[in-house]
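What follows is each chain in one-letter form.
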Amino acid sequence: MKKNISHKSALQENEGVSQSEITDGLAINKLKHKRKSQPTAKDLISGIFDNNITALSRAITLVESKNPEHLKKATQIINACLPKSNQSLRIGITGVPGVGKSTFIEALGMHLTAMGKKVAVLAVDPSSSLTKGSILGDKTRMEALVTHKNAYIRPSASGDSLGGVARKTRETIILCEAAGFDTIIIETVGVGQSETAVHSMVDFFLLLKLAGAGDELQGIKRGIIEMADGIVINKADGNNLKRAQLAKTEFSRALHFYPVKASQWQPKVKLCSALKNEGIDTIWKMIEDFTSLTKSNGYFEQHRREQNKFWLLQTIEDQLKSNFFNQIQIKSELEKQLKLIAQNKTTPFAAAEYLLDLQQ
Ligand SMILES: Nc1nc2c(ncn2[C@@H]2O[C@H](COP(=O)(O)OP(=O)(O)OP(=O)(O)O)[C@@H](O)[C@H]2O)c(=O)[nH]1
Ligand SMILES: [Mg+2]
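Residues numbered from 1 in each chain as written. Chains lettered and ligands numbered in written order. Predicted model: local features only at pLDDT ≥ 70, side-chain atom pairs only at ≥ 80, totals over all residues. Heavy atoms only, no water.

## Side note on the overall build of the protein chain
Stage number 1. Along the backbone of the protein chain there are 18 helices and 7 strands.
Stage number 2. Partitioning the intrachain contacts of the protein chain with sequence separation of at least 6 by distance along the chain shows that 72% fall at a separation of at least 24.
Stage number 3. Within the structure as shown, the protein chain displays about 19,800 Å² of accessible surface, and the carbon and sulfur contribution to it stands at 56%. (Helix = DSSP H or I, 4+ residues; strand = E, 2+ residues; numbered from the N terminus. Contact = heavy atoms within 4.5 Å. Areas by Shrake-Rupley, 256 points an atom, 1.4 Å probe, with all protein chains shown as cover.)

Shown next as structure tokens:
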């Protein structure tokens, strides 16, 4: 009974129902109705501009929805938010499972919030539809950050395709920026293609590594090192410190053999103990140095323009592909052509030409 009363007063406070309305019982229907009614796009936009986290979360849920009505609303909100976006620094963080990404983000996030910054943490994890979003479980590793008033942690959008997840993440970045977050951290496990997707949506790309394990053991593919603006050797503590220092020297030397980046930035190697909160300030200083260099030489803006072009072309490509393969006629004809190819009655090239000619 007591519970009921406090529930009512919470509703009263949040939903503007007067005490007399509650006591006369009629209000129950009004409350039920109010609960069901969804906020309009306009409500959510003004909520986001007021830095309201609930409005932000609801808008992100719309972005992630499959319902066409929700997506229409999401587009309206994103369009309104666009002029207020682009104001943040976007940092991508990758590394194999267990390297310490979550622990590192907690330490970096706390360092930044202590400086008065507002930090949003997002994740790109195409496998999250299976694992239900690793960042959710991670919230225990980001204990302090989760509850910090100037931090927002959003589990990754689930999705069947990396393209879909990436699109949702890019739109979520826009919403977070409009809600006043000035630093966006995007985490991804360094497996599959997700790190390439994250690289193409951030300003600074950081690779977390462990000392002593070969790149093969760390699941690090060629190309990721080239993408990195900074390499951080984590767990540089206890017995591991010496090995970490050695790895840093070797890596710094190796990086000099890579061609100069378009940004003119020479990637750096740093040591860190995310667990002990050591090295975080030096890493932040590196990111600041990168930002001031690339802002003064014009690369920062140019890079963002290139990223927009990349995503425009990528989205068109994805859309054309899915439109094509989702046509019923194409689906059945594709099967037939595959059989004909197997029987040596046609070639893959002739079959492709035939199928492409069929599309409306
Ligand atoms: N000694 C030491 N342990 C660390 C450090 N950073 C993280 N760890 C430990 O390493 C383990 C994995 O850390 P996480 O932060 O969960 O690693 P992750 O990269 O987020 O892992 P996934 O989410 O599975 O990809 C945990 O037990 C941490 O406590 C560090 O700097 N030093
Ligand atoms: Mg993690």
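## What about the site of ligand 1?
Stage number 1. Taken together, 17 residues lie around ligand 1, and Lys 101, Ser 102, Thr 103, Arg 141 and Asp 237 are the ones closest in.
Stage number 2. Within the backbone of Val 99, a nitrogen or oxygen atom sits 3.4 Å from an oxygen atom of ligand 1.
Stage number 3. Relative to its unbound accessible surface of 650 Å², ligand 1 loses 77% to contact with the protein.
Stage number 4. By residue number, the principal contributor to the shell around ligand 1 is helix H7 (residues 101-114), which donates 3 residues. (Near = heavy atom within 4 Å. Polar contact = N/O pair within 3.5 Å; in protein donor to acceptor, adjacent residues only side chain to side chain.)

## As for the pairing of strand E1 (residues 89-95)
Stage number 1. With 7 of its 7 residues buried, E1 lies for the most part within the structure.
Stage number 2. Every second residue of E1 is oriented toward a common face, with Leu 89, Ile 91, Ile 93 and Gly 95 on one face and Arg 90, Gly 92 and Thr 94 on the other, all of them buried.
Stage number 3. Alignment of E1 against strand E5 (residues 204-210), held across 4 bridges, turns out to be parallel. Note that in E5 the partner of Ile 93 across the bridge is Leu 206. (Buried < 20%, exposed > 50% of the residue type's maximum accessible area, 1.4 Å probe, protein only. Pairing = 2+ DSSP bridges.)

## Points about a nonpolar patch on the surface
Stage number 1. Taken together, Leu 312, Leu 313, Ile 316 and Leu 320 make up a surface patch of nonpolar side chains, about 390 Å² in accessible area.
Stage number 2. Tracing the backbone shows Leu 320 in helix H16 (residues 299-325).
Stage number 3. Owing to a relative accessible area of 55%, Leu 320 belongs among the exposed residues under this scheme. (Patch = residues over 30% accessible without salt bridge, like charges linked within 9 Å, V, L, I, M, F, W, Y side chains within 5 Å. Salt bridge = Lys/Arg side-chain N within 4 Å of Asp/Glu carboxyl O.)

## A word on the pattern of salt bridges
Stage number 1. All chains considered together, the criterion is met by 8 salt bridges.
Stage number 2. Across the pair Lys 261 and Asp 229 runs a salt bridge, and its minimum N-O distance is 3.6 Å. A residue pair is termed long-range when its members are at least 10 positions apart, and Lys 261 in the loop between helix H14 (241-255) and strand E7 (268-271) and Asp 229 in the loop between helix H13 (224-227) and strand E6 (230-234) qualify at 32 residues.
Stage number 3. A relative accessible area of 17% means that Lys 261 is categorised as buried.
Stage number 4. You can call Asp 229 buried: its relative accessible area is 6%.
Stage number 5. One salt bridge in this structure joins Asp 289 and Lys 285, with 3.1 Å as the shortest N-O distance. Here Asp 289 and its partner Lys 285 are both found in helix H15 (residues 280-296), 4 residues apart, which amounts to about one turn of the helix.
Stage number 6. Accessibility expressed as a relative area gives 32% for Asp 289, which makes it partly exposed.

## What about the environment of Gln 359?
Stage number 1. You can see Gln 359 is positioned in the segment after helix H18 (348-358).
Stage number 2. For the pair Gln 359 and Gln 329, spaced 30 residues apart in the sequence, the C-alpha separation amounts to 8.2 Å.

## Concerning the sheet that holds E1
Stage number 1. Pairing within the open sheet is parallel, and its 7 strands lie in the order E3-E2-E4-E1-E5-E6-E7. Every other strand in the sheet has two partners, leaving strand E3 (151-153) and E7 as the edge strands with one partner each. Across this sheet, the average inter-strand angle for adjacent strands is 20 degrees, counted without regard to direction.
Stage number 2. Relative to strand E4 (residues 183-189), strand E2 (residues 119-123) runs parallel, the two sharing 5 bridges. From the neighbouring strand, Val 119 faces E4, where its bridge partner is Thr 183. (Axes fitted to C-alpha atoms, helices over the stretch in contact; angles between N-to-C directions.)

## A word on the packing of helix H17 (residues 328-342) against H18
Stage number 1. The contact between H17 and H18 brings their axes to 10 Å, and the two run at 165 degrees. By the angle class used here, H17 and H18 are roughly antiparallel. In this structure, H17 crosses over H18, and the sense of that crossing is right-handed. The segment H17 lies against H18, with Gln 329, Ile 330, Glu 333, Leu 334, Gln 337 and Ile 341 engaging Pro 348, Ala 351, Tyr 354, Leu 355 and Leu 358. (Parallel < 35°, antiparallel > 145°, perpendicular 65-115°, else oblique. Left-handed = near helix turned anticlockwise from the far one by under 90°.)

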